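Architecture at a glance
The lines below spell out each chain.
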Amino acid sequence: AKFEIFYKAVVSTQSTGNFYRHWCLKESYVKAIGTGIKFGLQRIEFDIGPLVEGVCRDTTVSIDGVLDQDWSFEEVLMDNHFVTTAAKCTNPWKTTEFMDSAIEVLSFKDLVVSETEYDDSFYFLNFNKKEENP
């Protein structure tokens, strides 16, 4: 009985993780083609690859049941809780104009607008005092 409870918890955790991976993949795809969710999320299917050392580059996509080999995806697991996904198409006719450029890796400094240090310890400490209320 204990094993069954443990197994159900593991399967549930894996299912939740796979749900979020699929969601992030679908979101990256519809953003890359420039249509958003009006494309019809039910039309998109992924065969997700394994995360190897927190990275997956083996995922494939099928649209309306047909494998589309023009797309590649990269998923990166961050802090064992977050997944970030990038979609890239090798066929510029399938994406909007801006997607035909290469994916650029940005540093944290590239993303920060201001180099002014912000001390949020007061807010963090007060937030951390709140009791959980699910």
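Residues numbered from 1 in each chain as written. Predicted model: local features only at pLDDT ≥ 70, side-chain atom pairs only at ≥ 80, totals over all residues. Heavy atoms only, no water.

A few words on a nonpolar patch on the surface. On the surface, F19, Y20 and W23 cluster together into a nonpolar patch covering about 360 Å² of accessible area. Classification of Y20 by relative accessible area gives partly exposed; the value is 48%. (Patch = residues over 30% accessible without salt bridge, like charges linked within 9 Å, V, L, I, M, F, W, Y side chains within 5 Å. Areas by Shrake-Rupley, 256 points an atom, 1.4 Å probe, with all protein chains shown as cover. Salt bridge = Lys/Arg side-chain N within 4 Å of Asp/Glu carboxyl O. Buried < 20%, exposed > 50% of the residue type's maximum accessible area, 1.4 Å probe, protein only.)

What follows covers unusual backbone geometry. With a phi angle near 55°, E53 is a residue other than glycine that sits in the positive phi range. In this structure, E53 sits in the loop between β1 (44–47) and β2 (55–56). We classify E53 as exposed; its relative accessible area is 80%. In the Ramachandran plot, D64 falls in the positive-phi region, its phi being about 50° despite a non-glycine side chain. The topology assignment puts D64 in the loop between β3 (60–63) and β4 (66–68). (Helix = DSSP H or I, 4+ residues; strand = E, 2+ residues; numbered from the N terminus.)

The next point concerns the pairing of strand β6 (residues 82–89). Relative to β6, strand β5 (residues 71–78) is paired through eight bridges, and the arrangement is antiparallel. Looking across to β6, one finds that V76 is bridged to T84. With antiparallel pairing between neighbouring strands as the criterion, β5 and β6 make up a hairpin whose turn holds three residues, including D79 at a positive phi of roughly 55°. (Pairing = 2+ DSSP bridges.)

Turning our attention to the nonpolar core. Ranked by size, the top nonpolar core spans 15 residues in total, and within it Y29, F39, I44, F46, V61, W71 and F73 carry the most contacts. Looking at this core, the elements with two or more residues in it are α1 (2–33), β1, β3, β5 and β6. With five residues, the single largest contributor to this core is α1. (Core = buried A, V, L, I, M, F, W, Y, C linked by side-chain atoms within 4.5 Å.)

Okay, the layout of surface pockets next. Here the second largest pocket defines a volume of roughly 180 Å³. Along its surface, the second largest pocket is lined by G17, Y20, R21, C24, L77, N80, H81, F82 and V83. Those elements that provide at least two residues to the lining of the second largest pocket are α1 and β6. It is α1 that provides the largest number of residues to the lining of the second largest pocket, a total of four residues. A class-by-class count of the residues in the lining of the second largest pocket yields five nonpolar, three polar and one charged. (1 Å grid on protein atoms, 1.4 Å probe; cavity = no way out; pocket = protein on both sides within 12 Å on 5 of 7 lines; lining within 4 Å. Points joined across faces, edges and corners; volume = space filled by probe spheres on them. Nonpolar A, V, L, I, M, F, W, Y, C, P; charged D, E, K, R; others polar.)

A few words on the pattern of salt bridges. This model, assessed by the stated rule, comprises four salt bridges. With a shortest N-O distance of 2.8 Å, E75 and R21 are connected by a salt bridge. Residue E75 is located in strand β5, and its partner R21 is located in helix α1; the two are separated by 54 residues in the primary sequence. Note on E75: relative accessible area 0%, which makes it buried. Using a relative accessible area of 8% as the deciding quantity, one classes R21 as buried. Between K31 and E27 there is a salt bridge; the shortest N-O distance is 3.2 Å.

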